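An overview of the molecular structure
What follows is each chain in one-letter form.
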Amino acid sequence: MTAGSTSAGSIDLSAVRADTPGCAQVIHFNNAGASLPPQVVTDAVLRYTAHEALIGGYEAAEAAAEEIRSSYDALATLLGARPHQIALIENATRAWDMAFYGLPLERGDRILTCRSEYASNYLAYLQVSRRRGVVVDVIPDNEHGEVDTNAAARLLDEDVKLISITHVPTNGGLVNPAATIGQLARSAGCYYLLDACQSVGQMPIDVAAIGCDFLSSTGRKFLRGPRGTGFLYASERALSEVEPPFIDGRAATWTSTDAFELRSDARRFENWEYNCATRIGLGVAARYAAGLGLESIWQRVQSLARLLRARLTETPGVTVCDRGRTQCGIVTFLCQGIDPGAVKAALARKRINVSVSDAAWTRIDMDARGIPALVRASLHYYNSEEEVDAFTAAVAGLLRSANSIAE
Ligand SMILES: Cc1ncc(COP(=O)(O)O)c(C=O)c1O
C-alpha cells in the first residue's frame, strides 16, 4: 500500500463511527489525551451510577460483583495475562507508582531508563535518587530515535536493579523495542517496568512476549474507557517478591493485633475504595476493543497515521517530527511561524481536537532535539480519511493566513 492510501481492513468504519456519538460533533485527533468512548461504555457507566443512586453504593456493588469481576478478565485477555495478575487503579501514574515505589532499591543501585521517559516517571527516579542514593542512567537512542538496545546491553551490570522505559512516548509516533529490552532484563535478572500508557488499545500487547515484571496503563486513551481508570499487570515473580509501597484493608488482612497478611494477587496494589461504575466501563471498553481485534485496530491506526504524515509532509510550512521504524497513531508536527498552542486553539475553533506536547513532559528528549513544544495529533481506528483531509486543509489554511499576515 502506498503512503497515500488506507484501508479500514476488517474494521467496519461506519459501524464504529455510529457507535461513537462524538464522531458527529468533532474531529477528534486527541486520542493520546483521551479517546471518544463508544456509547456502550458511557451507557454502562451511567446505568451503574443510576442504580447506585437508587439502592446504595455497597448494595449496587454486590449486585454488580460479577460484572466488576469480569473487567479483570477482559483486561487480562487484552494483555495475555491472567486475571489475578491485574490490579485496577485510578490512573496509569498511580499504577506505575505502586510498582516502582514498591521495589527494594538501595543506595548504589542503578535504574536504566529511556530518553523519551514520561515526566512523572522521571520525577520518581529523581526522588529516589535524592532520598536513597539510587543512580539513574539514561539509555541512548539509536539513529531512529528508539531505545538503543545495544547500548542498553552495554550499560547492564550487577548494580542495575531495574530497567524502566516507556513503550510509546507521549511526544511522538515511535514504538520502543519493548520485547528486546525484556530479553535483556531477563538475562540480567533485574526488574522490568514498562509504561504502556500510550500503547494499550492501539496495538496488540502480550506481556509474556514482552517479558516485563510490571506493565502500567490507563483506560481513557487508546482503550476508549472512562477517565479516572488505570491498571497494573504484575508477573508471578513480581507478585512473589514485591510489596506495595503502602497498604490498606484491600491489600492486606489485619490478622491479629500486630500482624497482617498481604493478598497474594495483584489486588494488593489496589485501593479499598474505588469507582465501581468506571471499573465496569473499563471492562466494557476492553471487550469492545477485543471484539474488533487488536491486530485489526493496529493495522487501521498505522495506516491512517501514515496517511496523515504523508499529507502533512506535502503541506508547505509543516515539519513532521515523528521518529522510529515502527510508528503508531501519534503524529507530531510543527507549523512554521505558528506556536503549537496557537495551532491547537485555531483548530479547536474549527471543532478539531489536538493537544500540545510540552518539553516538560519528556524533558530529556525534547531538550536534546531543541524542541520546546509540538502539536500532537493522535488518531484512532474510528477516525476517517475524510477527517485526515479536512485536518490537513485546516492546517494548510492556518499557515496561509499566518504567512499572509506576516507578509
Ligand atoms: C507515556 C505516558 N505515561 C504515563 C502517562 C500518565 O497517565 P495517567 O494520566 O493516566 O496517569 C501518560 C499520560 O499522558 C503518558 O503519555
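Report follows, based on the coordinates. As the structure is a prediction and not an experimental result, all values here were calculated from the model.

Here we take up the packing of aromatic side chains. According to the stated counting rule, one finds ten aromatic pairs in the structure shown. With a centroid separation of 4.8 Å and an interplanar angle of 20 degrees, the aromatic rings of Trp 96 and Phe 100 are classed as stacked. Separated by four residues within a single helix, Trp 96 and Phe 100 lie in helix H5 (residues 92-100), roughly one turn from each other. Grouping residues by exposure puts Trp 96 and Phe 100 together as buried. For the ring pair Phe 333 and Phe 391, a centre distance of 6.0 Å and an interplane angle of 90 degrees mean the geometry is edge-to-face. Of this pair, Phe 333 sits in strand S12 (residues 330-335) while Phe 391 sits in helix H15 (residues 385-406); the two residues are 58 residues apart in sequence, bridging distant segments of the chain. We note that Phe 333, like Phe 391, is buried. Grouping aromatic residues by their ring pairs yields a cluster made of Trp 96, Phe 100, Tyr 101, Tyr 122 and Tyr 125. Over the face of the ring belonging to Tyr 72 we find Arg 267, whose NZ or CZ atom lies 3.7 Å from the ring centre. A cation sits over an aromatic face here: Arg 279 above Tyr 274, 3.4 Å from the ring centre.

Note on sheets: strands pair through backbone hydrogen bonds, and any given pair is parallel or antiparallel. Across the sheet, seven strands lie side by side as S2-S8-S7-S6-S5-S3-S4; this open sheet has mixed pairing. What marks the edges here is a single partner per strand, and that holds for strand S2 (86-89) and strand S4 (135-139). The mean inter-strand angle of the sheet, taken between neighbouring strand axes irrespective of direction, is 20 degrees. Looking at chain direction, strand S3 (residues 110-114) and strand S5 (residues 160-166) are connected through three bridges and run parallel. By the bridge assignment for S5, Leu 112 is matched with Ile 163. Across the sheet, helix H4 (residues 65-79) touches S2, strand S7 (214-218) and strand S8 (230-234), and the angle it forms with S2 is around 115 degrees.

Attention now moves to the side chain of Arg 268. Note on placement: Arg 268 falls in the loop between strand S10 (259-262) and helix H11 (276-292). Buried charge Arg 268 goes without a salt bridge, the closest partner of opposite sign being Asp 265 at 6.3 Å. Polar side-chain contacts of Arg 268 include one of 3.0 Å to the backbone oxygen of Arg 263. Sequence-distant contacts of Arg 268, that is, excluding residues within four places in its chain, are made with Leu 239, Val 242, Glu 243, Pro 244, Ala 251, Leu 262 and Arg 263.

Turning to the packing of helix H2 (residues 39-55) against H11, a few remarks are in order. Here H2 crosses H11 at 155 degrees, and the two axes come no closer than 8 Å. Here H11 runs roughly antiparallel to H2, going by the angle between their axes. The way H2 lies across H11 gives a crossing that is right-handed. Contacts from Val 40, Val 41, Ala 44, Val 45, Tyr 48 and Thr 49 in H2 reach Cys 276, Ala 277, Thr 278, Ile 280, Gly 281, Val 284, Ala 285 and Tyr 288 in H11. Among the residues making up the contact of H2 with H11, the classes are represented as eleven nonpolar, three polar and no charged.

One open sheet holds the four strands; their spatial order is S11-S12-S15-S14, and the pairing between them is antiparallel. One side of each edge strand has no neighbouring strand; the edge strands of this open sheet are strand S11 (318-320) and strand S14 (355-358). Taken over all neighbouring pairs, the strand axes of this sheet differ in orientation by 40 degrees on average, direction set aside. Relative to strand S15 (residues 373-378), S12 runs antiparallel, the two sharing four bridges. Bridge pairing in S15 links Thr 332 to Arg 376.

Each value, and the rule that gives it
- Residues numbered from 1 in each chain as written.
- Predicted model: local features only at pLDDT ≥ 70, side-chain atom pairs only at ≥ 80, totals over all residues.
- Heavy atoms only, no water.
- Phe/Tyr/Trp six-rings, centres within 6.5 Å; stacked < 30°, edge-to-face > 60°.
- Helix = DSSP H or I, 4+ residues; strand = E, 2+ residues; numbered from the N terminus.
- Buried < 20%, exposed > 50% of the residue type's maximum accessible area, 1.4 Å probe, protein only.
- Lys NZ or Arg CZ within 6 Å of the ring centre and 35° of its normal.
- Pairing = 2+ DSSP bridges.
- Axes fitted to C-alpha atoms, helices over the stretch in contact; angles between N-to-C directions.
- Contact = heavy atoms within 4.5 Å.
- Lys, Arg positive; Asp, Glu negative; His and termini not counted.
- Salt bridge = Lys/Arg side-chain N within 4 Å of Asp/Glu carboxyl O.
- Polar contact = N/O pair within 3.5 Å; in protein donor to acceptor, adjacent residues only side chain to side chain.
- Parallel < 35°, antiparallel > 145°, perpendicular 65-115°, else oblique.
- Left-handed = near helix turned anticlockwise from the far one by under 90°.
- Nonpolar A, V, L, I, M, F, W, Y, C, P; charged D, E, K, R; others polar.

By themselves, these are just geometric observations and shouldn't be taken as functional.
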